[in-house]
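# Fold and geometry: a report
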Amino acid sequence: ELWCAAARATLPGSQEQDYTDLSQSSKKPMVALLVATLGVAPAGVARRALGGKPSAAVWNEEIKAAWTQAYASAQGVPANYDIDEIEGRIPSALRGTVFRNGPGKFERGGQRYEHVLDGDGLLCRWSLDGATGRARFASRFVRTPEYAAEEAADTVLHRNTFGTQPASGPLGELENAFDLVLKNPANTNVQSWGGKLLALWEAALPCRIDPDTLEYVGRETFDGLLPDGALTVASGIGPEVDASLGLGVAFTAHPREDRKRGRVVGWSWAAPLVGSSLSVTVHEWDAASGALLASTPTALPSAIAPHDFALTDSWYIFALNAMQLNLFPYVLGLTGPVGALRTTGEGAVLVLVPRPGGAAAGREPLTVRTEDPYFAIHHAVACEEPRGGGGGSDGHTVTFGADSQTGEVHQPASCTQWVGRSGSPEQLPPSSWRVQVSTP
């Protein structure tokens, strides 16, 4: 019901909306936005309200206490021990390891971080062996050079995305002015391919991790494929100039696995020094060997990198939120970069980039501007089906799902409102979207 998996008939009064294709293609793709939300949706789009806040029975005192505990810094780290308390029995054929990563430390030297998403990344590992009936747990913070320096000094030394920064001195927050290098908390995701375990954060290079010890190994460039620099900015002149200026790229925190082809797909990006076009390159690796199979450079009509993307056989899919960036408060040390962002209430922009080897290979990217002011954060799934009863000569219908923690956005809003220091599902009811694009 949340994903509106049933036919449109299940949504009373649902409508299809047409949007203009701004790409070079002579045909105009048709976009139908079918929405099921938790009480929020763009004006003019059909929705089925499911209730915007959790009930008192769900959001009770016990759950509130557990939620608050999740935003307390982890204790007893590093850890490495056998799990003695096991309910039931581990299936004898089950053997493997699960890694997880997320913010796990929220203060340093008595200073509480301004936002939970500034929290230091905590890697956790569960190893199961059904043949012996044993389970083992290990955890360790991602000890980047920035983390190690702050630990040694027991104080915040670096600026962070959501506003955490060194304590003010006589000049107040202006003492952080012109310090534009952000700390990599390595706190968003952990992925493994080609024999490499990587802790990921979307505005820096991946952190290579030793899977046996969970120790930080170093920044991962994939054998020099990704330029390593202090700032994720592109001069627009060329890679040699970028390298001489100490500019580099960042890598998405949400690479995608293509199990059908045995590939991992991710993308690197750099913000423009001038203008509003984001430099993006989508890379595909063999999941087993780590060999690079394809790289597709493109540009997105936004100076702000999206958090996630989606993948089908023929397309890379990006949803660009309508946002404005005012860098002056960040440059002057008054806020983190997210505090310099404002949503505009305008419609999201969808960009479909042709994938090498797919049915759309060789075409220009499709750019679709909508009138729907939803705010996409993650994509759950994407697929495509040929139109016209087979062959694909009549194009494809591409369907993907997105979730939004803020739902409908009509007025300018600060992105630092997400979750905040303690977080609560009462603050920002989520919504889910199913988007369909008919491609030529």
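Residues numbered from 1 in each chain as written. Predicted model: local features only at pLDDT ≥ 70, side-chain atom pairs only at ≥ 80, totals over all residues. Heavy atoms only, no water.

## Description of the pattern of salt bridges
Under the defined criterion, the tally for this structure stands at 20 salt bridges. Its salt-bridge partner being R143, residue E151 comes within 2.5 Å of it at the nearest N-O pair. Its relative accessible area of 35% is what places E151 among the partly exposed residues. Look at R143 and you get partly exposed, because its relative accessible area is 30%. Put simply, E220 and K196 hold a salt bridge, and the shortest N to O gap is 2.9 Å. Of this pair, E220 sits in the loop between strand 11 (216-219) and strand 12 (233-234) while K196 sits in strand 9 (residues 196-200), placing them 24 residues apart in sequence. You'll find E220 and K196 in the same group, each marked buried. (Salt bridge = Lys/Arg side-chain N within 4 Å of Asp/Glu carboxyl O. Buried < 20%, exposed > 50% of the residue type's maximum accessible area, 1.4 Å probe, protein only. Helix = DSSP H or I, 4+ residues; strand = E, 2+ residues; numbered from the N terminus.)

## Topic: the pairing of strand 22 (residues 349-354)
Within strand 22, 6 of the 6 residues are buried, which leaves the element mostly enclosed by the surrounding structure. Where strand 22 meets strand 23 (residues 366-369), 4 bridges bridge the pair, whose relative direction is antiparallel. Residue pairing across strands places V349 opposite R369, the latter belonging to strand 23. (Pairing = 2+ DSSP bridges.)

## Some points on the side chain of D242
Tracing the backbone shows D242 in helix 3 (residues 239-244). Despite its burial, D242 remains without a salt bridge, the nearest opposite charge being carried by R219 at 16 Å. Leave out the neighbours within four places in its chain, and D242 touches A234, S235, G236 and L247. (Lys, Arg positive; Asp, Glu negative; His and termini not counted. Contact = heavy atoms within 4.5 Å.)

## What about the nonpolar core?
Counting residues in each nonpolar core, the largest one holds 18 residues, and the members touching the most others are W267, W269, V280, Y316 and F318. Contributions of two or more residues to this core are made by strand 15 (263-272), strand 16 (278-286), strand 19 (315-320) and strand 22. Here the element with the most residues in this core is strand 15; it accounts for 4 residues. With residues near it in sequence (within four places) discarded, W269 still touches E202, A203, T232, V249, A250, L278, S279, V280 and A305. Counting 16 residues, the second largest nonpolar core, distinct from the first, contains W315, V368, Y374 and A382. (Core = buried A, V, L, I, M, F, W, Y, C linked by side-chain atoms within 4.5 Å.)

## Here's the deal with the packing of aromatic side chains
Counting across every chain of the model gives 15 aromatic pairs. Their ring planes at 50 degrees and their centres at 5.6 Å tell us that Y81 and F137 sit as a pair that is tilted. In this pair, Y81 is assigned in strand 2 (residues 79-82) and F137 in strand 7 (residues 134-141), connecting sequence segments 56 residues apart. Classification of F137 by relative accessible area gives buried; the value is 12%. An aromatic cluster of three or more residues is present, and its members are W59, W67, Y71 and F106. Over the aromatic face of Y147 sits the side chain of R108, whose NZ or CZ is 5.1 Å from the ring centroid. (Phe/Tyr/Trp six-rings, centres within 6.5 Å; stacked < 30°, edge-to-face > 60°. Lys NZ or Arg CZ within 6 Å of the ring centre and 35° of its normal.)

## So, the sheet that holds strand 7
Ordered in space as 2-7-6-3, the 4 strands form an open sheet in which the pairing is antiparallel. The sheet is open, and its two borders are formed by strand 2 and strand 3 (95-105), each paired with just one other strand. Each adjacent strand pair in this sheet contributes to an overall mean axis angle of 15 degrees, direction not counted. (Axes fitted to C-alpha atoms, helices over the stretch in contact; angles between N-to-C directions.)

## Details of helix 2 (residues 145-153)
Along helix 2, the positions that sit buried rather than exposed are E146, Y147 and E150. Considered in projection along helix 2, the buried side chains sweep an arc of 100 degrees and stay on one side of the axis. Where helix 2 is buried, its residues touch strand 3, strand 4 (107-108), strand 6 (120-129) and strand 7. (Arc of directions from axis to C-beta.)

## Some points on the environment of P337
The topology assignment puts P337 in the loop between helix 4 (327-331) and strand 21 (341-343). We classify P337 as buried; its relative accessible area is 18%. Residues P337 and L180, spaced 157 residues apart in sequence, show a C-alpha to C-alpha distance of 9.2 Å. Non-local contacts of P337, meaning those with residues more than four positions away in its chain, are made with N160, T161, L182, L325 and Y330.

## Some remarks on the confidence of the model for the protein
Overall, the prediction assigns the protein a mean pLDDT of 80, with 78% of residues at 70 or greater. Between residues 405-414, whose pLDDT stays under 50, and residues either more than four places distant or in other chains, the model counts 33 contacts. (pLDDT = per-residue confidence, 0-100.)

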